[in-house]
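Structure at a glance
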Amino acid sequence: MDQSMDTIVIRGGKPLSGTISISGAKNAALPLMAASLLTPETVVLENIPVLGDIRTLADVLEELGVEIGGNGSGGEGGLELTAGHIEDTTAPYELVRKMRASVLVLGPLLARFGTAKVSLPGGCAIGTRPVDLHIRALEQMGAEIKLQDGYIQAAAPQGLKGADIRFPAVTVGGTENILMAATLARGVTVIENAAREPEVTALADCLVAMGANISGMGSERIVIQGVDQLGGARFTNISDRIEAGSYAVAAGLTDGDVILEGANAAHMEAVIEALRRAGIQIEDVPGGLRVRRNGGSLRGIDLTTQPYPGFPTDMQAQMMVLMAIADGASRITEQIFENRFMHVPELARMGADITVHGGAALVRGVDYLIGAPVMATDLRASVSLVLAGLVADGETVVNRVYHLDRGYERLEEKLSWCGADIKRITE
Ligand code: UD1
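Here is a short report on the structure shown in this document. Residue positions within a chain follow its written sequence, with the count starting from 1. Only residues with pLDDT of at least 70 get local features here, since the model is predicted, and only at 80 or more are side-chain atom pairs given and counted; chain-wide, interface and lining totals rely on the full set of residues. As a convention, hydrogens and water are excluded, and side-chain values are obtained from all of the structure's heavy atoms.

**Quick word on helix H2 (residues 52-64)**
Helix numbers and strand numbers start at the N terminus; a helix is a DSSP run of H or I with at least 4 residues, a strand a run of E with at least 2. In this analysis, the expected span of each helix is defined as 1.5 Å times one less than the number of residues it contains. Between its terminal C-alpha atoms H2 stretches 19 Å, which fits the 18 Å expected from 13 residues at 1.5 Å a residue. Following H2 by one or two positions, Gly 65 adopts a phi angle in the positive range, close to 115°.

**Notes on the packing of helix H8 (residues 241-253) against helix H10 (residues 316-324)**
Direction vectors running N to C along H8 and H10 enclose 10°, while the axes themselves pass 10 Å from each other. The angle between H8 and H10 falls in the class roughly parallel. Along its contact with H8, which presents Ile 242, Ser 246, Val 249, Gly 252 and Leu 253, the element H10 presents Gln 318, Met 319, Val 321 and Leu 322. Among the residues making up the contact of H8 with H10, the classes are represented as 6 nonpolar, 3 polar and no charged. Axis geometry follows a simple rule: fit a line to the C-alpha atoms, using only the stretch in contact for helices, then measure angles between N-to-C directions, giving values from 0 to 180 degrees. Any angle that is under 35 degrees is reported as roughly parallel, and any over 145 degrees as roughly antiparallel; angles of 65 to 115 degrees are reported as roughly perpendicular and all others as oblique. Contact criterion: two residues are considered in contact whenever any of their non-hydrogen atoms come within 4.5 Å of each other. Classes in brief: Ala, Val, Leu, Ile, Met, Phe, Trp, Tyr, Cys and Pro nonpolar; Asp, Glu, Lys and Arg charged; the others, Gly included, polar.

**Remarks on the sheet that holds strand S10 (residues 164-166)**
Judged by pairing direction, the sheet is mixed, and its 4 strands sit side by side in the order S10-S11-S13-S12 without closing on themselves. What marks the edges here is a single partner per strand, and that holds for S10 and strand S12 (213-215). Going across the sheet, the axis of each strand differs from the next one's by a mean of 15°, ignoring polarity. As paired elements, S10 and strand S11 (residues 188-192) share 3 bridges and run parallel to each other. Across the sheet, Arg 166 pairs through a bridge with Glu 192, a residue of S11. The strands touched by helix H6 (residues 172-183) within the sheet are S10, S11, S12 and strand S13 (221-225), with S13 carrying the most contacts at an inclination of about 25°. When DSSP finds at least two bridges between two strands, those strands are taken to pair.

**Focus on the nonpolar core**
One broad trend across soluble globular proteins is that nonpolar side chains are buried collectively. By nonpolar core we mean a set of buried residues, namely Ala, Val, Leu, Ile, Met, Phe, Trp, Tyr and Cys, connected to one another through side-chain atoms within 4.5 Å. Each residue's exposure class comes from its accessible area (1.4 Å probe, protein chains only) as a fraction of the maximum for that residue type: buried when under 20%, exposed when over 50%, partly exposed otherwise. If you look at the biggest cluster of nonpolar residues, it comprises 79 residues, and the most contacted ones within it are Leu 61, Val 105, Met 141, Leu 179 and Leu 207. Those residues in contact with Leu 61 that lie beyond four places of it in its chain are Met 33, Ser 36, Leu 37, Val 66, Ile 68, Leu 81 and Val 105. Leu 260, Leu 303, Phe 341 and Val 398 belong to the second largest nonpolar core, which has 72 residues in total.

**A short note on unusual backbone geometry**
The residue after Tyr 308, namely Pro 309, is reached through a cis peptide bond having omega 10°. Here Pro 309 shows up in the loop between strand S18 (303-304) and H10. Residue Asp 255 is not a glycine yet carries a positive backbone phi of 55°. By the secondary structure assignment, Asp 255 is in the loop between H8 and strand S15 (257-261). If you check the backbone angles, Asn 294 has positive phi at about 60° while not being a glycine. With respect to the helices and strands, Asn 294 occurs in the loop between strand S17 (288-292) and S18.

**What about the pattern of salt bridges?**
Take a side-chain nitrogen of Lys or Arg and a carboxyl oxygen of Asp or Glu: if they are within 4 Å of each other, that pair is a salt bridge. Tallying each qualifying case throughout the model produces 21 salt bridges. The partner of Asp 132 in a salt bridge is Arg 136, with the nearest N and O atoms 3.2 Å apart. Note that Asp 132 and Arg 136 are positioned in helix H5 (residues 132-140) at a spacing of 4 residues, about one turn of the helix. Since its relative accessible area comes to 45%, Arg 136 is described here as partly exposed.

**A closer look at the packing of aromatic side chains**
Any two rings among Phe, Tyr and Trp, with Trp reduced to its six-membered ring, count as a pair given centres within 6.5 Å; such a pair is stacked if its planes are under 30 degrees apart, edge-to-face if over 60, and tilted if neither. Across all of its chains, the model carries 0 aromatic pairs by this definition. Any Lys NZ or Arg CZ that is within 6 Å of a ring centre and within 35 degrees of that ring's normal is treated as a charge sitting over the ring. The side chain of Lys 117 reaches across the aromatic face of Tyr 151, ending 4.8 Å from its centre.

**With respect to the sheet that holds strand S2 (residues 17-21)**
Spatial ordering of the open sheet is given by S2-S15-S17-S16, a layout of 4 strands whose pairing is mixed. The sheet terminates laterally at S2 and strand S16 (281-285), the two strands that pair on one side only. Neighbour to neighbour, the strand axes of the sheet diverge by 20° on average, direction disregarded. Note: S16 against S17, 5 bridges, orientation antiparallel. Following the sheet pairing, Gln 281 is matched in S17 by Arg 292. Each of S2, S15 and S17 touches H8; the most contacted strand, S15, lies at about 170° to it.

**Details of the environment of Ala 58**
Its place among the elements puts Ala 58 in helix H2. Separated by 349 residues in sequence, Ala 58 and Gly 407 have C-alpha atoms that sit 15 Å apart. Residues in contact with Ala 58, not counting those within four places in the same chain, are Met 33 and Ile 68.

**Things to note about the pairing of S13**
Burial along S13 is one-sided: the face carrying Ile 222 and Ile 224 is buried and the face carrying Arg 221, Val 223 and Gln 225 is not. Of the strand pairs in this sheet, S11 and S13 are connected by 5 bridges, and their pairing is antiparallel. Across the sheet, the residue bridging to Ile 191 is Ile 222, located in S13. Pairing of S12 with S13 involves 3 bridges; the strand directions are antiparallel. Within S13, the residue paired with Ile 214 across the bridge is Ile 224. Hairpin connection, S12 to S13: the antiparallel pair is bridged by 5 residues, and Gly 216 has positive phi, about 85°.

**Here's the deal with the site of the ligand**
One heavy atom within 4 Å of a molecule or strand is enough for the residue carrying it to be called near that molecule or strand. The environment of the ligand is made up of 19 residues, and the closest members are Asp 132, Leu 133, Thr 171, Asp 314 and Ile 336. Each polar contact in these results corresponds to two N or O atoms within 3.5 Å; when the atoms are within protein, one needs to be able to donate a hydrogen and the other to accept it, and residues that are neighboring in sequence are counted only if both atoms are side-chain atoms. Here an oxygen atom of the ligand and a backbone polar atom of Leu 133 are 2.7 Å apart. Asp 314 is positioned with one of its side-chain polar atoms (N or O) 2.6 Å from an oxygen atom of the ligand. Bound to the protein, the ligand loses 82% of the 740 Å² it would expose on its own. For the shell around the ligand, the secondary-structure elements that each account for two or more residues are helix H1 (26-35), H5 and H6. Broken down by element, the shell around the ligand gets its largest block of residues, 3 residues, from H5. Partitioning the shell around the ligand into residue classes produces 9 nonpolar, 5 polar and 5 charged. Note that accessible areas follow from Shrake-Rupley with a 1.4 Å probe, and for residues the cover is restricted to the protein chains shown.

Put into structure tokens, the structure is as follows:
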């Protein structure tokens, strides 16, 4: 079904109340799926969400020859991936262009087969987003890499060898690619200035279950002792801290009272701290988190996005909506991606008072937002428009909903169960 023309229509003003169940983390599921390329045995992944991005990576893996069983593109019952017969180590442009994270197949293919050809992800709506750090690190491990005809052509005929790698900037995908590659390299690999995101740790934990020898995950220095081969494993994915944070903002915005079932507070410290400063109450309850505002007013706060454990760039747009109706002014500084303020002109159309100066946005709180037709531009920008719609007066129509379907499982269902007036219109 082509969902590209769907729209989401929201009538704002309903406080959210009830329970929202948090799905498995998209950004952990993708590297976990790519890790299946490291072994001919079956890897079974539980708690994989049903999402556009998961389907896209499943298509890339199937193109390579991975057999995918269990529940096709995720959902109940686990996703089974078997890379027993890899026919071709090429990830073609038509698939990779849909999602940059497809580049996660590069490290595992090269490590296991000594060759890989992966399309360059190309431009993307949130800045140029290069993969130079992935490539440089693989070269340090002995790979010969050429960029030709829009493809990364990589070869390591003698296999990869361990290396001391210091990333000049923190990169989540780069750390994941090298972590996977190093599990089958000869000798020891040390990754310095490694990404500490919970998704990286989940990947390391799964690799260990497959037989890899890894220590230091979750810290800035990960040490991997290469092994000859990896085997199958069964692994349960972590819950989605960005989805949970997005619904926490929804509860706060609408002066609601919501239980986020399955949310993991330990992965959300910076977000919880920011929400509390902004006037939202968050408490641990058995199996999740309770979020409410209790009628209090929202306060403007300053925020700067940073690598984990700092405040995540993937929560910046959502937080900006909260600041748009808070008392006072807030300054939101984006340090991870250039050009990640594309939600600003759309929020301005709903009455928000925001000015962007380079990498920082100055948000002056207004009394209310007004519904409007708006256009989604990327995943997190899209959800911010839905959040704005939940609190705006009147009707908001969000176009280009396919961005949301890439990363938010059953969004309108989860919100309407809590009392939101939201529906999808399918053309
Ligand atoms: C991942 C997340 C994404 C999140 C981001 C930052 C997935 C699938 N996506 O993306 O949702 O917003 O982390 O938390 O997990 N960079 C380079 N060269 C490289 C690699 C990265 O210059 O080779 C730059 C990027 O352009 C960006 C910064 O480093 O400015 C961080 O990027 P990175 O951490 O690699 O993000 P992703 O892994 O793509």
